[in-house]
Structures are given as structure tokens and as C-alpha cells.
Amino acid sequence: MQQFRIVRCTALFAPPSPTQPLTMTLDDRQRNHCWLTFAALMAVLMLLAWWRPLALPDEGRYAEIGRWMLQSGDNLAPRLDGMPFFHKPPLLHWLQSGLFAMLGVSAWVARMVPALHAGLMVLGLYLSVRHAEGETRARQAMLVLGSSLGFLMGGQYVNHDMLVAAWISTAIWCMG
């Protein structure tokens, strides 16, 4: 039977005690290396999201729904050219509309939602594997997922797939 333990999150961010040395241990350096790898992966996803125009018809359709939501002020019902569009869940459109309001309307901002959810997926995988297998395996798992061509393509393509994958994966990892 698996034993569960409760970890105080504040312990991760607490300042070092006066008796604790300020030198970095090997584990600290590995953890810093993982955060740098995560930041590099997010930079690659954002660069890929910025690099090309929206692909038709899917990316243009989903970005237009978010833009229409912002323009009309109607956040309840997603619409495409004024017609209700209830074919997919509205979370992508809500998040896009909010980002459009903050950062302006562009293809790059439309792709930020899937890219950020791809980052959530990588971070969730890293934390889950680190809890179960340790730091080395977590870094390996993060690199395998983050370097996957299908993952990189899905992480910068405007559709609902990366959101669904990220939240299902998060739910599964929370159970473990």
C-alpha cells in the first residue's frame, strides 16, 4: 500500500535558516538546471507561436471566436461571425479573450493559451515524476516530452487539444 505524506509548500520558499550554509548542493543545482530547461522549452514554444501566421481553417476560426468575444463583450456564448458556436467547450475562448484584452489581438497572443497549457503539462509531469521517481527521472521525462515533435506542434497550434491534454494529465497526476 502506498504511503502518502503531506508536504508544506511554504517550506519550498522559506528563507534559509542562519545555521544553514548558503552553498548550493548537487540537488539544488539539478533543480536549477530543470527550471532553466523548463524556461528554454517555454521560450521555444513562444518562438514557434510567434513565427508563423494562423493556419486556416481551424486556427483562424478559434482565434476569431476569442476576438469576437472580446469585441462584443459577450463572454457567455462563444460566437463565430455573430452565430452561436457551441461545438467546443468555451475555456479556450475565455482565456484568449482575456489575453487579447491584456496584450492585444494577434496570432501570437491567440497561441499563448495552448503554449501555456503545454508548459503546465511539462511542469505537472516533472513534479509528478520527481515525487515518484526522483529528480533525475523527472528531468529525463521533462526532456522527452518537451522535445517531442508532436508536443511542440500541439503546444503552439490554436485548438482545444492541448488544453484537454494538460487538464486530463494534471487530474491523473494529482491522483498519484
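The written sequence of each chain sets the order in which its residues are numbered from 1. Reporting in this predicted model follows two pLDDT cut-offs: at least 70 for local features of residues, and 80 or more for side-chain atom pairs to be given and counted; totals over whole chains, interfaces and linings ignore these cut-offs and use all residues. In computing side-chain properties, one takes all heavy atoms of the structure into account and sets aside hydrogens as well as water.

Description of the side chain of Arg 111
Line of reasoning, step 1. For helices the rule is a DSSP run of H or I covering at least 4 residues; for strands it is a run of E covering at least 2, with both sets numbered from the N terminus onward. Mapped onto the secondary structure, Arg 111 falls in helix H5 (residues 107–133).
Line of reasoning, step 2. Residues adjacent in sequence count toward polar contacts only when both atoms are side-chain atoms; beyond that, a polar contact is any pair of N or O atoms within 3.5 Å, and within protein one must be able to donate a hydrogen and the other to accept it. A polar contact is formed between the side chain of Arg 111 and the side chain of Glu 59, at a distance of 2.9 Å.
Line of reasoning, step 3. Setting aside anything within four residues of it in sequence, one finds Arg 111 in contact with Ala 49, Arg 52, Pro 53, Leu 54, Ala 55, Glu 59, Gly 155, Gln 156 and Val 158. Residue contacts are counted whenever heavy atoms from the two residues lie within 4.5 Å of one another.

Here we look at unusual backbone geometry
Line of reasoning, step 1. Between Leu 56 and the following residue, Pro 57, the backbone shows a cis peptide bond with an omega angle of 0 degrees.
Line of reasoning, step 2. As for its placement among the helices and strands, Pro 57 is situated in the loop between helix H2 (26–51) and helix H3 (58–72).
Line of reasoning, step 3. Phi is positive for Asp 81, which is not a glycine, with a value near 55 degrees.
Line of reasoning, step 4. With respect to the secondary-structure elements, Asp 81 resides in the loop between strand S1 (79–80) and strand S2 (83–84).
Line of reasoning, step 5. Relative accessibility thresholds used throughout: buried, under 20% of the residue-type maximum; exposed, over 50%; partly exposed, between the two (1.4 Å probe, protein chains only). Residue classification places Asp 81 among the exposed positions, given a relative accessible area of 57%.

Describing the pattern of salt bridges
Line of reasoning, step 1. One side-chain nitrogen of Lys or Arg within 4 Å of one carboxyl oxygen of Asp or Glu is enough to make a salt bridge. According to the stated counting rule, one finds five salt bridges in the structure shown.
Line of reasoning, step 2. A salt bridge links Glu 59 to Arg 52, with the shortest nitrogen-to-oxygen separation between them at 2.9 Å.
Line of reasoning, step 3. Note on Glu 59: relative accessible area 0%, which makes it buried.
Line of reasoning, step 4. The partner of Arg 79 in a salt bridge is Asp 74, and the shortest N-O contact between them spans 3.3 Å.
Line of reasoning, step 5. Each of the salt bridges in this network shares a partner with another, and the network as a whole consists of Arg 52, Glu 59 and Arg 111.

Considering helix H6 (residues 135–146)
Each turn of an α-helix holds 3.6 residues, which means side chains three or four residues apart point in the same direction.
Line of reasoning, step 1. Given a helix with a known number of residues, its expected span is that number minus one, times 1.5 Å. Its twelve residues place the ends of H6 16 Å apart at the C-alpha level, agreeing with the 16 Å of an ideal helix rising 1.5 Å per residue.
Line of reasoning, step 2. Along H6, the residues classified as buried are Glu 135, Ala 138, Arg 139, Ala 141, Met 142, Leu 145 and Gly 146. In a view along the axis of H6, the buried residues occupy a sector of 165 degrees, so they form one face of it. The arc in question is formed by the directions pointing from the helix axis toward the C-beta atoms.

So, the nonpolar core
One broad trend across soluble globular proteins is that nonpolar side chains are buried collectively.
Line of reasoning, step 1. In this description, a nonpolar core means a group of buried Ala, Val, Leu, Ile, Met, Phe, Trp, Tyr and Cys residues linked to one another through side-chain atoms lying within 4.5 Å. In terms of nonpolar packing, the biggest core is built from 34 residues, with Leu 45, Val 122 and Phe 151 touching the most fellow members.
Line of reasoning, step 2. Mapped onto this core, the elements with two or more residues apiece are H2, H3, helix H4 (91–103), H5, H6, helix H7 (149–154) and helix H8 (161–175).
Line of reasoning, step 3. Apart from the residues within four sequence positions on either side, Leu 45 is in contact with Ala 115, Ala 118, Gly 119, Leu 152, Gly 155 and Gln 156.

What about the packing of aromatic side chains?
Line of reasoning, step 1. Think of it this way: a Phe, Tyr or Trp ring, Trp meaning its six-membered ring, pairs with another when their centres are within 6.5 Å, and the plane angle makes it stacked under 30 degrees, edge-to-face over 60, tilted otherwise. Under the criterion given, the structure shown has three aromatic pairs.
Line of reasoning, step 2. Here Trp 35 and Tyr 126 contribute two aromatic rings whose centre-to-centre distance is 6.2 Å and whose plane-to-plane angle is 65 degrees, an arrangement assigned as edge-to-face. Of this pair, Trp 35 sits in helix H2 while Tyr 126 is found in helix H5, placing the two residues 91 residues apart along the sequence.
Line of reasoning, step 3. Of the residues examined, Tyr 126 reaches a relative accessible area of 2% and is grouped as buried.
Line of reasoning, step 4. With 6.4 Å between their ring centres and 70 degrees between their planes, Tyr 62 and Phe 85 make a pair best called edge-to-face. Residue Tyr 62 is located in helix H3, and its partner Phe 85 is located in the loop between S2 and H4; the two are separated by 23 residues in the primary sequence.
Line of reasoning, step 5. For Tyr 62, a relative accessible area of 6% translates into the label buried.
Line of reasoning, step 6. What links up through ring pairs into an aromatic cluster is the set Trp 35, Phe 38 and Tyr 126.

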